[in-house]
Amino acid sequence: MDKLSKAIVKYRHLILVLSVILLIPAAIGYFNTRVNYDLLYYLPSDIDTMKGQEIMLKDFKTGAFGIAMVDGMKDKEVSELIGEMKKVKHVHNVLWYDSFDALGMPKEMLPGDIYNKFNKDSSTIMMIIFDDSSSGEGTMQAIEDIRKITKHKAMISGISAIVTDTKNLSEKETPIYVAIAVLLSIIILGILMESWLIPVLMLVSIGFAIVYNLGTNIVFGEISYITKALAAVLQLGVTMDYSIFLWHSYLEQRGDSDDKVGAMENAIKMTISSVLGSSITTIAGFIALCFMSFTLGLDMGIVMAKGVIFGVIGCVTILPAFILIFDKPLLKLRHKSLLPEFNKIPAFITKHYKPIIALFIVILIPSIYGEKNAAVYYDLSLSLPQNLESVATQTKLNNEYKFGSASLIILDSKTKENDKTRMLKDLEKVDGVEAVIGVESLTSGAVPMAFIPKDMLSAVKNDKYQLAIFMSKYKTGSDEANAQSDKAEKIIHSYDKKAMLVGEAACTRDLIKITDKDFKVVSFVSIFLILIIIGFVFKSISLPVILVAVIEFAIFLNMGIPYYTKTVLPFVASIVIGTIQLGATVDYAILMTNRYKYERRLGHEKHEASFNALKVSMKSVIVSALTFFGATIGVGLYSSIDMISSLCILMARGAIISMISVLFILPAMYIAFDGLIVKGSKDFLKK
């Protein structure tokens, strides 16, 4: 450590020059990393719904579809509009009445129930089929082009339209997220710390680390929009602790001496040894997300873990260089922190530790119940403002046409026509089914299959597979839609065991099943990893249980609050927030426990050691938690994307709850379980 710290201080100017130069390739990497806005893309590739999408792309050259609605236009005008839409790049086809002109079948000859499903008063709907995937750049651009050329007369709904609007909104808001997080962090740190300049230098050095992290994402090819939106904010909030520790260590080492070089060398050594354990626990929390079969967890976990590593490196290289170079203005701009000296609170807690533990148990029970029963939604459209075009169109379709979702049925092409006809009729009897449409149902026997033009037939049938459309009145993600998908699959499998139900409703049904399992896996893995790491750091089997219990209490309370406030959370929040809160705030508990161990080794009895540990650690924990709170709460309140807003609000509230839990409950735990801590830890009292 001595050689490393001396080298960092000696070559501080070179470090800054290299740091600035490295921003160039990092920025290039950032701007060339594709962003994925379709969360359903992260479902496992081996499930039928995802296999079906591959079949659609490979065998039918159609990867996505949407329902377009046109109101107040005559048939001739609609037909002309469709002609313009078909010219748009990546539009494979647009299915409407004129699709049957080649059959010599006017719309009046269509079966009445089918006709009524696609017409209400002055409006009509059509299906737009794209030759790219649901979240492909081609599909999103095609939707934008259709909106332009039709002057928004053709209102498009469906997952691809939602993905397109999510992309536009996210790209607009993400830079503002960073600006809000930086501004609030500067204000909080400027008030709570001892210098007006140090928060700026901290944020600049962390900014370098954030750019490196985001730039190196290019090796993955793409990241999710949630990861992109949260990575900078979360990295700032989580790694700020390390910068605060370095600064305080530097001030302590500097004292009244003019030897800034020696002070920084010692500060770097102290920071590396101190943050090693806490950073590893944070990384472990993020790595736990990688165990999700819903691979959004892998996407977020790797990027966030990588961000912590870059944050630690930046803290002990870039920040020391800044501090040494700006040493004089830093000292001139020092001021008294507004945080008072805490004496009464530690005294109160150590005196009343028994009632505090009793209160902990009382609050824990309803918190666990609330966490287990909090409502969660899976419909991605609910994450967006309801006035967005794709969401508003979906609402209008649902109200006017009782249209909630559309799916495709993929069957073996060798399935007999009679069997397929019976299957379609069986599906029509399922509750909530608005229409099941195959070529057979559209012609209704009026035109023999042999007379159907080959180019039209090839769009729904080839040597391997044939297709049918499954339309439901139930909204995606609802219990009714999930039960309907299950029942529909049983029916189609009775005619073809390898048949697949493909579409947003079926994907969302699978998402619910998969993420329910993922939540349990991630919770177990994160707790297990952090227990092992804390146990190794403290050489103890009792301390890890106590520390994790305190943070888990904070997580249960945080996640239980939505149940009592009747707040419905996006599914992603319920899976990842516990792991993020555990990994990001267990540092507070580790910091205080290190001090408690130090006080006990000095010979202080448990009450005095607990008092001293709390008094010394209180400011650091409060500054760290409030910075994390500031970095996330502003984004949570500003973002109009509920997936982002909910996560940030939960993280902000979680930071405060974890802070209170560590400051009040953990010292009480030290006193109550001191004997267990000493006996369950190796050489706990030895100096």
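Bear in mind that the values here come from a model prediction, so they are computed numbers and not experimental data. (Residues numbered from 1 in each chain as written. Predicted model: local features only at pLDDT ≥ 70, side-chain atom pairs only at ≥ 80, totals over all residues. Heavy atoms only, no water.)

## Some thoughts on the overall build of the protein
This is how it is decided: Helical segments are the DSSP runs of H or I of at least four residues, strand segments are the runs of E of at least two, and each set is numbered from the N terminus. Exposure is judged per residue with a 1.4 Å probe applied to protein chains only, and the accessible area is read against the type maximum: over 50% gives exposed, under 20% gives buried, and values in between give partly exposed. Two residues qualify as a contact provided that any one of their heavy atoms is within 4.5 Å of a heavy atom in the partner residue. Residue-level accessible areas treat just the shown protein chains as cover; the underlying method is Shrake-Rupley with a 1.4 Å probe. Think of it this way: Lys and Arg go in the positive column, Asp and Glu in the negative one, and His and the chain ends go nowhere. The location of each charge is read from NZ of Lys, CZ of Arg, CG of Asp or CD of Glu.
Summing up its helical and strand segments, the protein has 25 helices and 13 strands in all. Reported as C-alpha extents along the three principal axes, the dimensions of the protein are approximately 95 × 55 × 40 Å. Counting over 687 residues, the protein shows a buried share of 58%. Within the protein, residue pairs in contact and separated by at least 24 positions form 83% of the contacts whose partners lie at least 6 positions apart. If you sum the accessible surface of the protein, you get close to 28700 Å²; carbon and sulfur atoms cover 62% of it. Looking at charge distribution, the protein has the averaged site of its 70 positive side-chain charges lying 7 Å from that of its 66 negative ones.

## Observations regarding the packing of helix H14 (residues 353-373) against helix H24 (residues 642-672)
To keep it simple, the criterion reads: Axis definition: a line fitted to C-alpha atoms, over the contacting stretch in the case of helices. Angles run 0 to 180 degrees between N-to-C directions. Take the far helix as the reference: if the near one is turned anticlockwise from it by less than a right angle, the crossing is left-handed, and if turned clockwise, right-handed. Side-chain classes follow a simple rule in which Ala, Val, Leu, Ile, Met, Phe, Trp, Tyr, Cys and Pro form the nonpolar group, Asp, Glu, Lys and Arg form the charged group, and the remainder, Gly included, forms the polar group.
At a closest axis distance of 9 Å, the pairing of H14 and H24 adopts a crossing angle of 115°. Relative to H24, the crossing made by H14 is left-handed. Counting all contacts with H14, which are made through Tyr353, Ile356, Ile357 and Phe360, the residues of H24 involved are Phe664, Ile665, Ala668, Met669, Ile671 and Ala672. Its residues assigned to classes, the contact of H14 with H24 comprises 10 nonpolar, no polar and no charged.

## A closer look at the packing of aromatic side chains
Under the convention used in this document: The pairing test for Phe, Tyr and Trp rings, Trp by its six-membered ring, is centres within 6.5 Å, and the orientation test on the planes gives stacked under 30 degrees, edge-to-face over 60, and tilted for anything in between. Counting as a charge over the ring demands two things of the Lys NZ or Arg CZ atom: a distance within 6 Å of the ring centre and an angle within 35 degrees of the ring normal.
Using the criterion set out here, one finds 18 aromatic pairs in the structure. Taking the centre distance of 6.2 Å and the plane angle of 90° together, the rings of Phe208 and Phe322 count as edge-to-face. Taken together, the residues span a long stretch of sequence, with Phe208 in helix H8 (residues 198-215) and Phe322 in helix H11 (residues 296-325) at a distance of 114 residues. In terms of burial, Phe208 and Phe322 fall into one category: buried. Through a chain of ring-to-ring contacts, three or more aromatic side chains come together here, namely Tyr41, Tyr42, Phe294, Tyr378 and Phe571. Above the ring of Tyr563, the side-chain terminus of Lys566 is found at 5.7 Å from the ring centroid.

## Digging into the confidence of the model for the protein
Quick note on the threshold: What pLDDT conveys is the predictor's confidence in a given residue, as a value from 0 to 100.
Residues at a pLDDT of 70 or more form 93% of the protein, whose mean pLDDT is 84. When mean pLDDT is compared element by element in the protein, helix H2 (residues 12-31) scores highest at 94, while helix H18 (residues 454-457) scores lowest at 53. Counted against residues more than four places away or in other chains, residues 445-453, with its pLDDT under 50, gives 15 contacts.

## Describing helix H4 (residues 75-86)
Selection criterion: In a helix, the anticipated span is given by 1.5 Å times the number of residues less one.
An ideal rise of 1.5 Å per residue puts 16 Å on 12 residues; H4 measures up with 16 Å between its terminal C-alpha atoms. Against the buried residues of H4 lie strand E2 (64-71), strand E3 (91-95), strand E5 (123-130) and helix H6 (137-149).

## Here's the deal with the packing of H2 against H11
To be explicit about the condition: For classification, angles of less than 35 degrees are called roughly parallel, those exceeding 145 degrees roughly antiparallel, those between 65 and 115 degrees roughly perpendicular, and all remaining angles oblique.
Across the interface, H2 lies against H11 with an axial gap of 9 Å and an inter-helix angle of 120°. It follows that H2 is oblique to H11 by the angle criterion. You can see that H2 and H11 cross each other, and the crossing is left-handed. Two secondary-structure elements touch here, H2 through Arg12, His13, Ile15, Leu16 and Ser19 and H11 through Thr317, Ile318, Ala321, Phe322, Leu324 and Ile325. In terms of residue class, the contact of H2 with H11 is built from seven nonpolar, three polar and one charged.

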